[in-house]
Amino acid sequence: MRPMISSHESVRARLPSVDAVLRTPRVTALIEHYGRPATTDVTRSVLATLRQQLTDAPETPNDTDAIADAMEAILEAQMAPGLRPVFNLTGTVLHTNLGRAPLPEAALEAIARTARGASNLEFDLKTGRRGDRDAIVEDRLCRLTGGEAATIVNNNAAAVMLLLNSLANRKEVPVSRGELVEIGGAFRIPDIMARSGAKLVEVGTTNRTHLKDYQAAVGPRTGLLMKVHTSNYEIQGFTAEVPEGDLAALAHKHELPMAVDLGSGALTDMTAFGLPHERTPMETLADGADLVTFSGDKLLGGPQAGLIVGKAELIQRLKRNPLKRAIRCDKMTLAALDTVLTFYENPERLAEEVPSIRLLSRTQDDIRTQAQSVANALRPILAGRVDIDVVDCKSQIGSGALPVDSLPSAALALIPVLSGRKSVGGALKRLATDMRRLAMPVIGRIEDDRLLLDLRCLDDVAAFIRQFRELSG
Ligand SMILES: *Cc1c(COP(=O)(O)O)cnc(C)c1O
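Analysis parameters
Residues numbered from 1 in each chain as written. Predicted model: local features only at pLDDT ≥ 70, side-chain atom pairs only at ≥ 80, totals over all residues. Heavy atoms only, no water. Pairing = 2+ DSSP bridges. Helix = DSSP H or I, 4+ residues; strand = E, 2+ residues; numbered from the N terminus. Axes fitted to C-alpha atoms, helices over the stretch in contact; angles between N-to-C directions. Contact = heavy atoms within 4.5 Å. Salt bridge = Lys/Arg side-chain N within 4 Å of Asp/Glu carboxyl O. Buried < 20%, exposed > 50% of the residue type's maximum accessible area, 1.4 Å probe, protein only. Near = heavy atom within 4 Å. Areas by Shrake-Rupley, 256 points an atom, 1.4 Å probe, with all protein chains shown as cover. Nonpolar A, V, L, I, M, F, W, Y, C, P; charged D, E, K, R; others polar. Domains from an automatic or database assignment. Parallel < 35°, antiparallel > 145°, perpendicular 65-115°, else oblique. Left-handed = near helix turned anticlockwise from the far one by under 90°. 1 Å grid on protein atoms, 1.4 Å probe; cavity = no way out; pocket = protein on both sides within 12 Å on 5 of 7 lines; lining within 4 Å. Points joined across faces, edges and corners; volume = space filled by probe spheres on them. Arc of directions from axis to C-beta.

### Looking at the sheet that holds strand β12 (residues 407-416)
In step 1: Spatially, four strands are ordered β11-β12-β15-β14 in an open sheet, and the strand pairing comes out antiparallel. Strands with a single pairing partner mark the edges of an open sheet, and in this sheet they are β11 (386-395) and β14 (445-447). Within the sheet, the average angular offset between the axes of one strand and its neighbour, ignoring direction, is 35°.
In step 2: Of the strand pairs in this sheet, β14 and strand β15 (residues 450-454) are connected by three bridges, and their pairing is antiparallel. By the bridge assignment for β15, R445 is matched with L452.
In step 3: Strands β11 and β12 of the sheet are contacted by helix α18 (residues 364-382), whose axis makes an angle of about 165° with β11.
In step 4: Contacting β11, β12, β14 and β15, helix α19 (residues 424-436) crosses the sheet at an angle of about 110° to β12.

### Regarding the pattern of salt bridges
In step 1: A complete count under the given rule lists 31 salt bridges for this structure.
In step 2: Put simply, D134 and K324 hold a salt bridge, and the shortest N to O gap is 3.3 Å. Residue D134 is located in the loop between α6 (105-116) and α7 (135-145), and its partner K324 is located in helix α14 (residues 322-327); the two are separated by 190 residues in the primary sequence. Taken as a pair, D134 and K324 share a single burial class, namely buried.
In step 3: Notably, a salt bridge pairs D448 with R450, separated by 3.8 Å at the nearest N-O pair.

### A few points about the site of the ligand
In step 1: With respect to spatial proximity, the complete set of residues near the ligand consists of R100, N155, N156, A157, I183, F187, H229, S231, D261, G263, S295 and K298.
In step 2: For the ligand, whose unbound accessible area comes to 380 Å², protein coverage reaches 95%.
In step 3: Contributing elements (two or more residues each) for the shell around the ligand: α8 (156-168) and β8 (258-263).
In step 4: Counted by class, the shell around the ligand contains three nonpolar, six polar and three charged residues.

### Quick look at the domain arrangement of the protein chain
In step 1: Looking at the assigned domains, one finds that the protein chain contains domain 1 (7-79), domain 2 (87-95 + 360-471) and domain 3 (105-353).
In step 2: The C-alpha-based centres of domain 1 and domain 3 are spaced at 55 Å.

### Things to note about the packing of α8 against helix α9 (residues 189-196)
In step 1: As a packed pair, α8 and α9 sit with axes 9 Å apart at the nearest point and diverge in direction by 45°. When the axis of α8 is compared with that of α9, the two are oblique. By crossing handedness, the relation of α8 to α9 is classed as right-handed. Only I192, M193, R195 and S196 of α9 make contact with α8, whose side of the interface consists of A157, V160, M161, L164 and N165.

### Topic: the pairing of strand β10 (residues 306-310)
In step 1: Among the five residues that make up β10, five are buried, leaving the element largely enclosed by the rest of the structure.
In step 2: Of the two faces of β10, the one lined by G306, I308 and G310 and the one lined by L307 and V309 are each fully buried.
In step 3: Where strand β2 (residues 149-153) and β10 come together, five bridges link them in antiparallel fashion. Each bridged residue has a counterpart across the sheet, and for A149 the counterpart in β10 is G310.
In step 4: Bridge analysis of strand β9 (residues 291-295) against β10 gives five bridges, and the strand direction is antiparallel. Within β10, the position partnered with S295 by the bridge is G306.

### Describing the layout of surface pockets
In step 1: Taken as a whole, the largest pocket holds about 920 Å³ of empty space.
In step 2: As for the largest pocket, its lining consists of 28 residues, of which V86, L98, R100, P102 and L103 are closest to the centre.
In step 3: Classifying every residue of the lining of the largest pocket gives 17 nonpolar, three polar and eight charged.
In step 4: Mapping the lining of the largest pocket onto the domain boundaries places at least three of its residues in each of domain 2 (87-95 + 360-471) and domain 3 (105-353).

### Things to note about α9
In step 1: Within the sequence span of α9, burial applies to I189, I192, M193 and S196. Buried residues of α9, seen end-on, are gathered within an arc of 100° and therefore sit on one face of the element. Residues of α9 that are exposed and point over 90 degrees away from its buried face: A194 and R195.
In step 2: For α9, the elements touching its buried residues are α8, β3 (172-176), β5 (187-188), β6 (199-203), β7 (225-228) and β8.
In step 3: G197, located one to two residues past α9, shows a positive phi value of around 95°.

### Observations concerning unusual backbone geometry
In step 1: For D448, which is not glycine, the phi dihedral falls at a positive 50°.
In step 2: Here D448 lies in the loop between β14 and β15.
In step 3: On the basis of relative accessibility, which here comes to 61%, the residue D448 falls in the exposed class.
In step 4: Of note in this structure, D449 is not a glycine but carries a positive phi near 60°.
In step 5: Relative to the elements of secondary structure, D449 occurs in the loop between β14 and β15.

### Some points on the sheet that holds β9
Backbone-to-backbone hydrogen bonds join strands into a sheet, with any given pair of strands oriented parallel or antiparallel.
In step 1: In spatial order, the strands read β2-β10-β9-β8-β7; together these five strands make up an open sheet with mixed pairing. Only two strands of the sheet have a single neighbouring strand rather than two, namely β2 and β7. Strand-to-strand twist in this sheet, taken as the mean axis angle between neighbours without regard to direction, amounts to 15°.
In step 2: Where β7 meets β8, four bridges bridge the pair, whose relative direction is parallel. Bridging from a neighbouring strand, L225 pairs with M258 of β8.
In step 3: Set on the sheet, α7 makes contact with β2, β9 and β10; between it and β2 the angle comes to about 120°.

The following block contains the structure:
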(Lines give C-alpha, C1' and ligand atoms only; values in the text may rest on other atoms or scores of the structure.)
Protein backbone atom coordinates (compact mmCIF):
# COMPACT_ATOMS: atom_id res chain seq x y z
CA MET A 1 0.00 0.00 0.00
CA ARG A 2 2.76 2.47 0.76
CA PRO A 3 3.93 3.20 -2.78
CA MET A 4 0.33 4.12 -3.78
CA ILE A 5 -0.07 6.58 -0.97
CA SER A 6 3.21 8.22 -1.80
CA SER A 7 2.17 8.51 -5.47
CA HIS A 8 -1.10 10.17 -4.37
CA GLU A 9 0.89 12.59 -2.30
CA SER A 10 3.21 13.45 -5.14
CA VAL A 11 0.24 14.10 -7.41
CA ARG A 12 -1.29 16.36 -4.80
CA ALA A 13 1.93 18.30 -4.58
CA ARG A 14 1.81 18.98 -8.30
CA LEU A 15 -1.70 20.53 -8.16
CA PRO A 16 -2.57 24.03 -6.92
CA SER A 17 -5.15 24.45 -4.14
CA VAL A 18 -8.73 25.52 -4.92
CA ASP A 19 -8.00 28.95 -3.43
CA ALA A 20 -4.88 29.40 -5.51
CA VAL A 21 -6.81 28.57 -8.69
CA LEU A 22 -9.58 31.02 -7.76
CA ARG A 23 -6.99 33.80 -7.42
CA THR A 24 -5.47 33.39 -10.89
CA PRO A 25 -6.42 36.21 -13.31
CA ARG A 26 -8.22 33.99 -15.82
CA VAL A 27 -10.33 32.34 -13.12
CA THR A 28 -11.07 35.74 -11.55
CA ALA A 29 -12.57 36.65 -14.94
CA LEU A 30 -14.60 33.43 -14.91
CA ILE A 31 -15.98 34.36 -11.45
CA GLU A 32 -16.95 37.75 -12.82
CA HIS A 33 -18.83 36.11 -15.68
CA TYR A 34 -20.31 32.94 -14.18
CA GLY A 35 -20.46 33.78 -10.47
CA ARG A 36 -18.41 32.50 -7.52
CA PRO A 37 -20.51 29.46 -6.47
CA ALA A 38 -20.50 27.86 -9.94
CA THR A 39 -16.82 28.69 -10.54
CA THR A 40 -15.78 27.26 -7.15
CA ASP A 41 -17.72 24.03 -7.79
CA VAL A 42 -16.14 23.64 -11.20
CA THR A 43 -12.65 24.33 -9.77
CA ARG A 44 -13.13 21.46 -7.34
CA SER A 45 -14.38 19.07 -10.00
CA VAL A 46 -11.64 19.99 -12.50
CA LEU A 47 -8.93 19.52 -9.83
CA ALA A 48 -10.44 16.17 -8.83
CA THR A 49 -10.45 15.00 -12.44
CA LEU A 50 -6.91 16.23 -12.96
CA ARG A 51 -5.73 14.44 -9.80
CA GLN A 52 -7.05 11.19 -11.24
CA GLN A 53 -5.55 11.89 -14.68
CA LEU A 54 -2.13 12.68 -13.18
CA THR A 55 -2.21 9.41 -11.24
CA ASP A 56 -2.97 7.50 -14.45
CA ALA A 57 -0.82 9.59 -16.82
CA PRO A 58 1.78 11.77 -15.03
CA GLU A 59 2.47 13.78 -18.21
CA THR A 60 -1.09 15.30 -18.33
CA PRO A 61 -0.81 19.13 -18.56
CA ASN A 62 -1.55 20.65 -15.15
CA ASP A 63 -0.54 24.31 -15.54
CA THR A 64 -3.01 27.07 -14.56
CA ASP A 65 -3.90 27.70 -18.22
CA ALA A 66 -4.87 24.07 -18.76
CA ILE A 67 -6.98 24.23 -15.60
CA ALA A 68 -8.68 27.46 -16.69
CA ASP A 69 -9.34 26.02 -20.19
CA ALA A 70 -11.04 22.97 -18.71
CA MET A 71 -13.07 25.14 -16.33
CA GLU A 72 -14.17 27.52 -19.04
CA ALA A 73 -15.40 24.67 -21.25
CA ILE A 74 -17.45 23.21 -18.40
CA LEU A 75 -18.88 26.57 -17.30
CA GLU A 76 -19.80 27.50 -20.85
CA ALA A 77 -21.65 24.21 -21.32
CA GLN A 78 -23.38 24.53 -17.93
CA MET A 79 -24.62 28.04 -18.59
CA ALA A 80 -25.76 27.42 -22.18
CA PRO A 81 -29.54 27.63 -22.56
CA GLY A 82 -31.25 24.27 -22.21
CA LEU A 83 -33.73 25.00 -24.97
CA ARG A 84 -32.11 25.79 -28.31
CA PRO A 85 -33.49 26.55 -31.75
CA VAL A 86 -32.86 23.85 -34.38
CA PHE A 87 -33.43 23.50 -38.11
CA ASN A 88 -36.36 21.10 -38.47
CA LEU A 89 -35.52 19.39 -41.76
CA THR A 90 -37.18 16.12 -40.77
CA GLY A 91 -40.00 16.69 -43.25
CA THR A 92 -42.56 16.61 -40.43
CA VAL A 93 -43.89 20.14 -40.19
CA LEU A 94 -45.74 19.90 -36.86
CA HIS A 95 -43.10 17.79 -35.11
CA THR A 96 -44.11 17.22 -31.49
CA ASN A 97 -40.52 16.57 -30.34
CA LEU A 98 -39.33 19.74 -32.09
CA GLY A 99 -41.98 22.02 -30.61
CA ARG A 100 -44.81 21.76 -33.19
CA ALA A 101 -46.07 25.00 -34.77
CA PRO A 102 -43.70 27.95 -35.31
CA LEU A 103 -45.49 31.12 -34.19
CA PRO A 104 -46.16 34.24 -36.26
CA GLU A 105 -43.98 37.27 -35.54
CA ALA A 106 -47.05 39.17 -34.31
CA ALA A 107 -47.72 36.44 -31.74
CA LEU A 108 -44.14 36.69 -30.48
CA GLU A 109 -44.60 40.42 -30.07
CA ALA A 110 -47.84 39.84 -28.17
CA ILE A 111 -46.04 37.37 -25.86
CA ALA A 112 -43.25 39.87 -25.17
CA ARG A 113 -45.71 42.73 -24.62
CA THR A 114 -47.77 40.67 -22.20
CA ALA A 115 -44.88 39.05 -20.36
CA ARG A 116 -43.06 42.35 -19.81
CA GLY A 117 -45.52 43.72 -17.29
CA ALA A 118 -49.03 43.69 -15.91
CA SER A 119 -52.07 43.01 -18.12
CA ASN A 120 -55.84 42.63 -17.82
CA LEU A 121 -55.41 38.84 -17.66
CA GLU A 122 -58.17 38.30 -15.12
CA PHE A 123 -59.39 41.85 -14.71
CA ASP A 124 -62.48 43.27 -16.34
CA LEU A 125 -61.51 46.74 -17.53
CA LYS A 126 -65.19 47.81 -17.88
CA THR A 127 -66.31 46.98 -14.35
CA GLY A 128 -63.00 47.05 -12.52
CA ARG A 129 -63.81 43.64 -11.10
CA ARG A 130 -62.14 40.25 -11.30
CA GLY A 131 -62.43 38.77 -14.78
CA ASP A 132 -62.09 35.39 -16.48
CA ARG A 133 -58.90 34.67 -18.43
CA ASP A 134 -60.87 32.66 -20.97
CA ALA A 135 -62.69 35.87 -21.92
CA ILE A 136 -59.55 37.07 -23.73
CA VAL A 137 -60.19 34.68 -26.61
CA GLU A 138 -63.70 33.39 -25.95
CA ASP A 139 -65.70 35.70 -28.22
CA ARG A 140 -63.27 35.27 -31.07
CA LEU A 141 -63.28 31.51 -30.71
CA CYS A 142 -67.07 31.42 -30.64
CA ARG A 143 -67.27 33.55 -33.80
CA LEU A 144 -64.83 31.20 -35.55
CA THR A 145 -66.49 27.95 -34.51
CA GLY A 146 -70.14 28.77 -33.99
CA GLY A 147 -69.89 27.67 -30.34
CA GLU A 148 -71.74 29.42 -27.50
CA ALA A 149 -68.81 29.45 -25.07
CA ALA A 150 -65.21 28.31 -24.79
CA THR A 151 -62.53 27.50 -22.26
CA ILE A 152 -58.78 27.11 -22.75
CA VAL A 153 -56.42 24.78 -20.92
CA ASN A 154 -52.78 23.66 -21.12
CA ASN A 155 -53.16 21.23 -24.03
CA ASN A 156 -55.71 18.98 -25.69
CA ALA A 157 -54.90 16.07 -23.39
CA ALA A 158 -55.86 18.32 -20.47
CA ALA A 159 -58.98 19.41 -22.35
CA VAL A 160 -60.17 15.81 -22.74
CA MET A 161 -59.34 15.11 -19.10
CA LEU A 162 -61.27 18.16 -17.88
CA LEU A 163 -64.24 17.38 -20.08
CA LEU A 164 -64.52 13.76 -18.91
CA ASN A 165 -63.92 14.58 -15.25
CA SER A 166 -66.48 17.39 -15.27
CA LEU A 167 -69.26 15.54 -17.08
CA ALA A 168 -68.66 11.83 -16.56
CA ASN A 169 -66.84 11.28 -13.26
CA ARG A 170 -67.90 7.81 -12.00
CA LYS A 171 -70.16 7.47 -15.00
CA GLU A 172 -69.87 5.35 -18.11
CA VAL A 173 -68.67 6.65 -21.45
CA PRO A 174 -69.19 4.39 -24.47
CA VAL A 175 -66.37 4.75 -27.05
CA SER A 176 -65.94 2.80 -30.28
CA ARG A 177 -63.19 0.15 -30.25
CA GLY A 178 -61.98 1.75 -33.49
CA GLU A 179 -61.27 5.02 -31.67
CA LEU A 180 -59.23 3.96 -28.63
CA VAL A 181 -56.26 5.94 -29.86
CA GLU A 182 -52.76 6.42 -28.56
CA ILE A 183 -51.17 9.73 -29.50
CA GLY A 184 -47.34 9.70 -29.25
CA GLY A 185 -46.04 9.75 -25.72
CA ALA A 186 -48.48 8.98 -22.97
CA PHE A 187 -51.87 10.07 -24.30
CA ARG A 188 -54.01 6.96 -24.57
CA ILE A 189 -57.78 7.32 -24.47
CA PRO A 190 -58.33 4.36 -22.08
CA ASP A 191 -55.70 5.70 -19.63
CA ILE A 192 -56.96 9.29 -19.77
CA MET A 193 -60.49 8.04 -19.14
CA ALA A 194 -59.40 5.97 -16.16
CA ARG A 195 -57.55 8.97 -14.65
CA SER A 196 -60.49 11.28 -15.27
CA GLY A 197 -62.77 9.01 -13.25
CA ALA A 198 -64.90 8.06 -16.26
CA LYS A 199 -65.57 4.40 -16.92
CA LEU A 200 -64.79 3.40 -20.50
CA VAL A 201 -67.37 1.15 -22.12
CA GLU A 202 -65.94 -0.27 -25.33
CA VAL A 203 -68.49 -0.61 -28.11
CA GLY A 204 -68.39 -2.13 -31.59
CA THR A 205 -65.29 -3.66 -33.12
CA THR A 206 -61.97 -2.31 -34.37
CA ASN A 207 -63.17 -1.87 -37.95
CA ARG A 208 -66.94 -1.52 -37.61
CA THR A 209 -69.10 0.24 -35.04
CA HIS A 210 -72.84 0.83 -35.57
CA LEU A 211 -75.42 3.05 -33.93
CA LYS A 212 -77.04 -0.05 -32.39
CA ASP A 213 -73.75 -0.75 -30.55
CA TYR A 214 -74.00 2.64 -28.83
CA GLN A 215 -77.75 2.13 -28.25
CA ALA A 216 -77.03 -1.14 -26.44
CA ALA A 217 -74.39 0.54 -24.27
CA VAL A 218 -76.45 3.54 -23.14
CA GLY A 219 -77.96 3.05 -19.69
CA PRO A 220 -78.71 4.84 -16.42
CA ARG A 221 -75.00 5.14 -15.59
CA THR A 222 -73.96 6.70 -18.91
CA GLY A 223 -72.38 10.17 -18.51
CA LEU A 224 -71.89 11.22 -22.11
CA LEU A 225 -71.28 9.92 -25.61
CA MET A 226 -67.95 10.58 -27.17
CA LYS A 227 -66.19 10.33 -30.50
CA VAL A 228 -62.42 10.48 -30.83
CA HIS A 229 -60.87 11.57 -34.10
CA THR A 230 -58.47 8.81 -35.17
CA SER A 231 -55.91 11.40 -36.04
CA ASN A 232 -52.74 9.35 -36.45
CA TYR A 233 -54.11 6.29 -38.25
CA GLU A 234 -56.86 5.36 -40.61
CA ILE A 235 -58.91 2.18 -40.67
CA GLN A 236 -59.45 1.09 -44.26
CA GLY A 237 -61.34 -1.71 -45.97
CA PHE A 238 -64.54 -3.17 -44.49
CA THR A 239 -65.33 -0.37 -42.10
CA ALA A 240 -68.24 1.48 -40.55
CA GLU A 241 -68.43 4.31 -38.09
CA VAL A 242 -71.35 6.29 -36.77
CA PRO A 243 -71.58 9.85 -38.12
CA GLU A 244 -71.34 12.55 -35.46
CA GLY A 245 -74.88 13.74 -36.24
CA ASP A 246 -76.40 10.30 -35.56
CA LEU A 247 -74.44 9.90 -32.34
CA ALA A 248 -75.50 13.38 -31.22
CA ALA A 249 -79.15 12.53 -31.92
CA LEU A 250 -78.86 9.36 -29.84
CA ALA A 251 -77.19 11.28 -26.99
CA HIS A 252 -79.87 13.96 -27.01
CA LYS A 253 -82.69 11.38 -27.02
CA HIS A 254 -81.25 10.17 -23.70
CA GLU A 255 -80.60 13.73 -22.50
CA LEU A 256 -76.84 13.14 -22.58
CA PRO A 257 -74.13 15.45 -23.90
CA MET A 258 -72.13 14.41 -26.94
CA ALA A 259 -68.45 15.36 -27.15
CA VAL A 260 -65.87 15.04 -29.91
CA ASP A 261 -62.11 15.00 -29.40
CA LEU A 262 -61.02 16.39 -32.74
CA GLY A 263 -57.31 16.40 -31.98
CA SER A 264 -55.99 18.68 -34.68
CA GLY A 265 -58.85 21.06 -35.20
CA ALA A 266 -58.33 23.02 -38.38
CA LEU A 267 -60.17 26.28 -37.91
CA THR A 268 -60.70 26.79 -41.61
CA ASP A 269 -61.05 24.71 -44.75
CA MET A 270 -57.54 23.41 -45.40
CA THR A 271 -58.31 22.60 -49.05
CA ALA A 272 -57.94 26.35 -49.71
CA PHE A 273 -54.21 25.83 -49.11
CA GLY A 274 -53.90 22.73 -51.26
CA LEU A 275 -54.14 20.48 -48.21
CA PRO A 276 -56.55 17.59 -47.66
CA HIS A 277 -59.77 18.37 -45.84
CA GLU A 278 -59.63 18.10 -42.04
CA ARG A 279 -62.83 18.29 -40.02
CA THR A 280 -63.33 21.66 -38.37
CA PRO A 281 -64.84 22.40 -34.94
CA MET A 282 -67.45 24.43 -36.79
CA GLU A 283 -68.63 21.40 -38.81
CA THR A 284 -68.55 19.20 -35.73
CA LEU A 285 -70.71 21.59 -33.69
CA ALA A 286 -73.05 22.15 -36.64
CA ASP A 287 -73.55 18.37 -36.85
CA GLY A 288 -74.88 18.37 -33.31
CA ALA A 289 -71.89 17.83 -31.01
CA ASP A 290 -72.27 19.71 -27.72
CA LEU A 291 -68.55 20.08 -27.05
CA VAL A 292 -65.47 19.78 -29.19
CA THR A 293 -61.84 19.73 -28.04
CA PHE A 294 -58.72 20.42 -30.13
CA SER A 295 -55.07 21.49 -29.88
CA GLY A 296 -53.73 25.01 -30.29
CA ASP A 297 -50.37 23.96 -31.76
CA LYS A 298 -51.37 21.45 -34.39
CA LEU A 299 -53.06 22.57 -37.63
CA LEU A 300 -54.24 25.77 -35.99
CA GLY A 301 -50.62 26.93 -35.95
CA GLY A 302 -50.68 28.58 -32.53
CA PRO A 303 -49.17 27.97 -29.09
CA GLN A 304 -49.58 24.78 -27.06
CA ALA A 305 -53.12 24.86 -25.68
CA GLY A 306 -56.28 22.79 -25.42
CA LEU A 307 -59.43 24.49 -26.70
CA ILE A 308 -62.90 23.40 -25.69
CA VAL A 309 -65.86 24.98 -27.45
CA GLY A 310 -69.59 24.32 -27.35
CA LYS A 311 -72.74 24.67 -25.23
CA ALA A 312 -72.53 27.44 -22.64
CA GLU A 313 -74.12 25.39 -19.87
CA LEU A 314 -71.58 22.57 -20.28
CA ILE A 315 -68.62 24.95 -20.57
CA GLN A 316 -69.78 26.52 -17.28
CA ARG A 317 -69.57 23.11 -15.60
CA LEU A 318 -66.03 22.68 -16.93
CA LYS A 319 -65.00 26.12 -15.69
CA ARG A 320 -66.35 25.37 -12.21
CA ASN A 321 -64.27 22.19 -11.89
CA PRO A 322 -61.23 22.79 -9.58
CA LEU A 323 -59.18 20.80 -12.09
CA LYS A 324 -59.53 23.78 -14.47
CA ARG A 325 -57.43 25.86 -12.07
CA ALA A 326 -54.69 23.22 -12.17
CA ILE A 327 -54.51 23.01 -15.95
CA ARG A 328 -55.30 26.57 -17.02
CA CYS A 329 -52.90 28.18 -19.42
CA ASP A 330 -50.51 31.04 -18.97
CA LYS A 331 -50.96 34.66 -20.11
CA MET A 332 -48.23 34.25 -22.73
CA THR A 333 -50.16 31.39 -24.29
CA LEU A 334 -53.36 33.43 -24.30
CA ALA A 335 -51.56 36.40 -25.85
CA ALA A 336 -50.20 34.23 -28.68
CA LEU A 337 -53.46 32.34 -29.17
CA ASP A 338 -55.43 35.57 -29.35
CA THR A 339 -53.11 36.91 -32.06
CA VAL A 340 -53.20 33.72 -34.13
CA LEU A 341 -57.01 33.61 -33.90
CA THR A 342 -57.26 37.16 -35.25
CA PHE A 343 -55.61 35.90 -38.45
CA TYR A 344 -58.43 33.37 -38.85
CA GLU A 345 -60.92 36.21 -38.91
CA ASN A 346 -59.40 37.05 -42.30
CA PRO A 347 -58.63 33.63 -43.86
CA GLU A 348 -57.42 35.19 -47.14
CA ARG A 349 -54.18 36.23 -45.50
CA LEU A 350 -53.71 33.13 -43.35
CA ALA A 351 -50.95 31.59 -45.48
CA GLU A 352 -49.00 34.83 -45.28
CA GLU A 353 -49.47 35.34 -41.56
CA VAL A 354 -49.37 31.89 -39.96
CA PRO A 355 -45.98 30.19 -40.56
CA SER A 356 -47.17 26.59 -40.19
CA ILE A 357 -49.83 27.12 -42.86
CA ARG A 358 -47.31 28.84 -45.11
CA LEU A 359 -44.87 25.92 -44.72
CA LEU A 360 -47.59 23.32 -45.24
CA SER A 361 -48.76 24.99 -48.43
CA ARG A 362 -45.31 25.41 -50.06
CA THR A 363 -45.20 23.79 -53.49
CA GLN A 364 -42.73 21.10 -54.47
CA ASP A 365 -41.39 23.36 -57.27
CA ASP A 366 -40.64 26.12 -54.82
CA ILE A 367 -38.86 23.75 -52.41
CA ARG A 368 -36.94 22.05 -55.24
CA THR A 369 -35.65 25.37 -56.56
CA GLN A 370 -34.52 26.33 -53.08
CA ALA A 371 -32.88 22.89 -52.63
CA GLN A 372 -30.91 23.30 -55.88
CA SER A 373 -29.51 26.66 -54.84
CA VAL A 374 -28.67 25.45 -51.32
CA ALA A 375 -26.99 22.35 -52.80
CA ASN A 376 -24.89 24.55 -55.12
CA ALA A 377 -23.75 26.64 -52.17
CA LEU A 378 -22.92 23.63 -49.96
CA ARG A 379 -21.14 21.42 -52.51
CA PRO A 380 -17.83 23.35 -52.55
CA ILE A 381 -17.91 23.63 -48.75
CA LEU A 382 -18.43 19.91 -48.14
CA ALA A 383 -16.46 18.64 -51.16
CA GLY A 384 -14.53 15.44 -50.48
CA ARG A 385 -16.52 14.74 -47.33
CA VAL A 386 -20.15 14.63 -48.38
CA ASP A 387 -21.82 14.27 -51.79
CA ILE A 388 -25.06 16.21 -52.19
CA ASP A 389 -28.00 15.34 -54.45
CA VAL A 390 -31.35 17.05 -54.73
CA VAL A 391 -34.16 14.49 -54.53
CA ASP A 392 -37.95 14.53 -54.42
CA CYS A 393 -39.48 13.35 -51.16
CA LYS A 394 -42.68 13.51 -49.13
CA SER A 395 -43.24 15.74 -46.13
CA GLN A 396 -45.77 15.00 -43.43
CA ILE A 397 -48.07 17.36 -41.64
CA GLY A 398 -47.27 15.71 -38.32
CA SER A 399 -48.89 15.72 -34.89
CA GLY A 400 -51.24 13.05 -36.09
CA ALA A 401 -53.03 15.39 -38.49
CA LEU A 402 -54.16 13.80 -41.73
CA PRO A 403 -51.90 10.76 -41.29
CA VAL A 404 -52.17 9.17 -44.70
CA ASP A 405 -51.71 12.23 -46.84
CA SER A 406 -48.15 13.32 -47.48
CA LEU A 407 -47.04 16.46 -49.21
CA PRO A 408 -44.71 16.41 -52.25
CA SER A 409 -41.45 18.07 -51.26
CA ALA A 410 -37.73 18.15 -52.05
CA ALA A 411 -34.66 17.34 -49.99
CA LEU A 412 -30.90 17.50 -49.96
CA ALA A 413 -29.66 13.91 -49.92
CA LEU A 414 -26.30 13.85 -48.14
CA ILE A 415 -24.10 10.85 -48.84
CA PRO A 416 -20.88 10.57 -46.81
CA VAL A 417 -17.74 10.00 -48.90
CA LEU A 418 -16.32 6.78 -47.45
CA SER A 419 -12.64 6.47 -46.68
CA GLY A 420 -11.11 3.01 -46.18
CA ARG A 421 -13.37 0.19 -45.10
CA LYS A 422 -15.88 2.22 -43.10
CA SER A 423 -19.54 1.20 -43.22
CA VAL A 424 -22.21 3.42 -44.77
CA GLY A 425 -24.40 3.05 -41.70
CA GLY A 426 -21.67 4.20 -39.34
CA ALA A 427 -20.71 7.12 -41.58
CA LEU A 428 -24.34 8.24 -41.82
CA LYS A 429 -24.78 8.09 -38.07
CA ARG A 430 -21.62 10.18 -37.61
CA LEU A 431 -22.84 12.68 -40.20
CA ALA A 432 -26.20 12.96 -38.42
CA THR A 433 -24.36 13.45 -35.12
CA ASP A 434 -22.15 16.18 -36.63
CA MET A 435 -25.29 17.93 -37.89
CA ARG A 436 -26.74 17.88 -34.39
CA ARG A 437 -23.51 19.42 -33.03
CA LEU A 438 -23.75 22.53 -35.20
CA ALA A 439 -24.35 25.87 -33.47
CA MET A 440 -27.95 25.63 -34.64
CA PRO A 441 -28.42 21.86 -34.85
CA VAL A 442 -29.76 20.44 -38.12
CA ILE A 443 -32.20 17.55 -37.73
CA GLY A 444 -32.88 15.39 -40.78
CA ARG A 445 -33.81 11.77 -41.34
CA ILE A 446 -31.83 8.75 -42.56
CA GLU A 447 -33.48 6.98 -45.48
CA ASP A 448 -32.07 4.61 -48.14
CA ASP A 449 -28.42 5.08 -47.07
CA ARG A 450 -28.67 8.88 -47.26
CA LEU A 451 -29.23 11.66 -44.78
CA LEU A 452 -32.27 13.50 -46.11
CA LEU A 453 -32.76 17.16 -45.27
CA ASP A 454 -36.31 18.03 -46.36
CA LEU A 455 -36.21 21.77 -47.01
CA ARG A 456 -39.95 22.43 -46.62
CA CYS A 457 -39.34 24.10 -43.25
CA LEU A 458 -36.10 25.90 -44.13
CA ASP A 459 -36.70 29.62 -43.73
CA ASP A 460 -33.35 31.19 -42.94
CA VAL A 461 -31.29 29.91 -45.89
CA ALA A 462 -28.44 32.36 -45.26
CA ALA A 463 -27.97 31.28 -41.64
CA PHE A 464 -28.17 27.63 -42.68
CA ILE A 465 -25.37 27.95 -45.26
CA ARG A 466 -23.29 30.28 -43.08
CA GLN A 467 -22.83 27.75 -40.32
CA PHE A 468 -21.47 25.14 -42.74
CA ARG A 469 -19.03 27.74 -43.97
CA GLU A 470 -17.92 28.42 -40.40
CA LEU A 471 -17.64 24.69 -39.79
CA SER A 472 -15.27 24.16 -42.71
CA GLY A 473 -13.32 27.38 -42.12
C1 LIG B 1 -52.99 15.31 -30.47
C2 LIG B 1 -54.23 14.73 -29.91
C3 LIG B 1 -54.47 14.77 -28.53
C4 LIG B 1 -53.49 15.38 -27.58
O5 LIG B 1 -53.36 16.74 -27.81
P6 LIG B 1 -52.17 17.59 -27.14
O7 LIG B 1 -52.46 18.99 -27.51
O8 LIG B 1 -50.91 17.04 -27.71
O9 LIG B 1 -52.26 17.35 -25.67
C10 LIG B 1 -55.64 14.22 -28.07
N11 LIG B 1 -56.54 13.66 -28.89
C12 LIG B 1 -56.34 13.58 -30.23
C13 LIG B 1 -57.37 12.93 -31.10
C14 LIG B 1 -55.17 14.12 -30.79
O15 LIG B 1 -54.97 14.07 -32.11
